[in-house]
Amino acid sequence: MIRTLVAEHVHLLRIGLAAYLTQEPGIEVVAELEEGDRLVSTAAEVAPEVAVIDVDLPPEGGATVAGMLTRTVPACATVMLLGRDDPGALGRAMSVRPLGLITREAPVELLTWCVRRVASGRRVVDPDLASIARAIDENPLTHRERQILRIASAGASTAEIAAELSVSAKTVRNHLSRAFVRIGARNRMDAIRIATEREWLGDT
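Note that residues are indexed from 1 along each chain, following the sequence as it is written. The model is predicted, so local features are restricted to residues of pLDDT at least 70 and side-chain atom pairs to those at 80 or more, both for listing and for counting; the totals for chains, interfaces and linings are taken over all residues. Based on all heavy atoms of the structure, the side-chain values leave hydrogens and waters out of the count.

Colleague: Help me understand the overall build of the chain, please; the structure alone is not making it clear to me.
Modeller: In terms of helices and strands, the chain carries ten helices and six strands. The C-alpha radius of gyration computed for the chain amounts to 18 Å, which stays within 12% of the reference 17 Å derived for 204 residues, consistent with globular compactness. Projected onto its principal axes, the C-alpha coordinates of the chain cover approximately 60 × 35 × 30 Å. Using a 1.4 Å probe on the protein chains alone, a residue whose accessible area is under 20% of its type maximum counts as buried, one over 50% counts as exposed, and one in between counts as partly exposed. Burial status across the chain gives 48% buried among its 204 residues. Put simply, of all contacts in the chain between residues at least 6 apart along the chain, 62% involve residues at least 24 apart. Counting only carbon and sulfur atoms, one obtains 51% of the accessible surface of the chain, whose full area is about 9,900 Å². Charge convention: Lys and Arg are scored as positive, Asp and Glu as negative, and His as well as the terminal groups of each chain are ignored. Lysine's charge is taken at NZ, arginine's at CZ, aspartate's at CG and glutamate's at CD. In the chain, 24 side chains carry a positive charge and 27 a negative one; their mean positions are 7 Å apart. Comment: elements are numbered from the N terminus, with helices defined as DSSP H or I runs of at least four residues and strands as E runs of at least two. Using C-alpha atoms as the atom set, the radius of gyration is obtained and then compared with a globule rule of 2.2 Å times the number of residues to the power 0.38. Contacts: residue pairs with any heavy atoms within 4.5 Å of one another. Reported accessibility uses the Shrake-Rupley method at a 1.4 Å probe radius. Residues are deemed covered only where the shown protein chains occlude them.

Colleague: I'm lost on the side chain of Arg 92 in this one. Help?
Modeller: On the secondary structure map, Arg 92 appears in helix H4 (residues 87-94). For salt bridges, the criterion is a side-chain nitrogen of Lys or Arg within 4 Å of an Asp or Glu carboxyl oxygen. Buried charge Arg 92 goes without a salt bridge, the closest partner of opposite sign being Asp 56 at 4.0 Å.

Colleague: Help me out: how do you make sense of helix H2 (residues 39-46) in this one?
Modeller: Three- or four-residue spacings in an α-helix give side chains the same orientation, since the helix completes a turn every 3.6 residues. Within H2 the residues assigned to the buried category are Leu 39, Val 40, Thr 42, Ala 43 and Val 46. Down the axis of H2, the smallest arc covering the buried residues is 160°, so these residues share one side. Set apart from the buried face of H2 by more than 90 degrees, the exposed residues are Ala 44 and Glu 45. Looking at the buried side of H2, the elements it contacts are strand S1 (2-7), strand S2 (27-33), strand S3 (50-54) and helix H3 (62-72). Positive phi shows up at Ala 47, right after H2, with a value of about 50°. As used here, the arc is the angular range of directions from the helix axis to the C-beta atoms.

Colleague: What is the right way to look at the nonpolar core in this model?
Modeller: It is characteristic of soluble globular proteins that their nonpolar side chains tend to be buried jointly. Put simply, buried Ala, Val, Leu, Ile, Met, Phe, Trp, Tyr and Cys residues joined by side-chain atoms within 4.5 Å make one nonpolar core. Within the largest apolar cluster, 28 residues are counted, with the highest numbers of intra-cluster contacts made by Leu 39, Ile 53, Leu 69, Met 80 and Leu 101. Where this core is concerned, the elements lending two or more residues are S1, S2, H2, S3, H3, strand S4 (77-82), H4 and helix H6 (127-137). The contact partners of Leu 69, leaving out residues within four places of it in the chain, are Leu 39, Val 40, Ala 43, Ala 51, Ile 53, Pro 74, Cys 76 and Thr 78. Residues Leu 141, Ile 151, Phe 180 and Ile 183 belong to the second largest nonpolar core, which totals 21 residues.

Colleague: Would you take a moment to explain the pairing of S1 for this structure?
Modeller: A regular strand places its side chains on the two faces of the sheet in alternate fashion. In terms of burial, S1 is largely enclosed, as five of its six residues are buried. Summarising the sheet, S1 and S2 pair through six bridges and their orientation is parallel. Each residue of the ladder has a partner; that of Val 6, found in S2, is Glu 32. Bridge analysis of S1 against S3 gives four bridges, and the strand direction is parallel. Residue pairing for S3: Thr 4 is matched across the bridge by Val 50. Criterion used throughout: strands pair if DSSP finds at least two bridges between them.

Bear in mind that shape data such as this cannot, by itself, settle questions of function.
This is the structure:
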């Protein structure tokens, strides 16, 4: 039996994925959560082999708790669940390097196949996400954006970055804003985290 944890943001007019997965032979849903604040502690208790996590899981977001889960329960493979037309969410999901990326609109058969596959250590990317995922997997940041984020990662303020690069503070803020959009970051710290984890700051 594949021990599976499901952490899914509640969507109206649909049955939760856990209800489907419990009917599948060889899959046991050991925990079902609608928020992420107890996900890591619950996973530590029930020891799932696979965690299916919605990228919009409240309150902190699924990518944040998925990253914490990977560090706390490294034996648990992660499948991120997200919308088809949300590149920002896809960027956040990919930042934690899950084994599975599946859209919420995917048929339950695809999700079931994904759970079985990632449980055996193999990667699965929903066909609807594959082309966007390949583009995001390449470094989307410009030379200047990488340069600014690298300096910011050392704790420099906007004014300090501007002084070091001999540009205006407004120029720095504009570059940062564009970088946030490119990689789906919520703020400066999130952008630094994503870019560092994906090794996008090395070529500056």
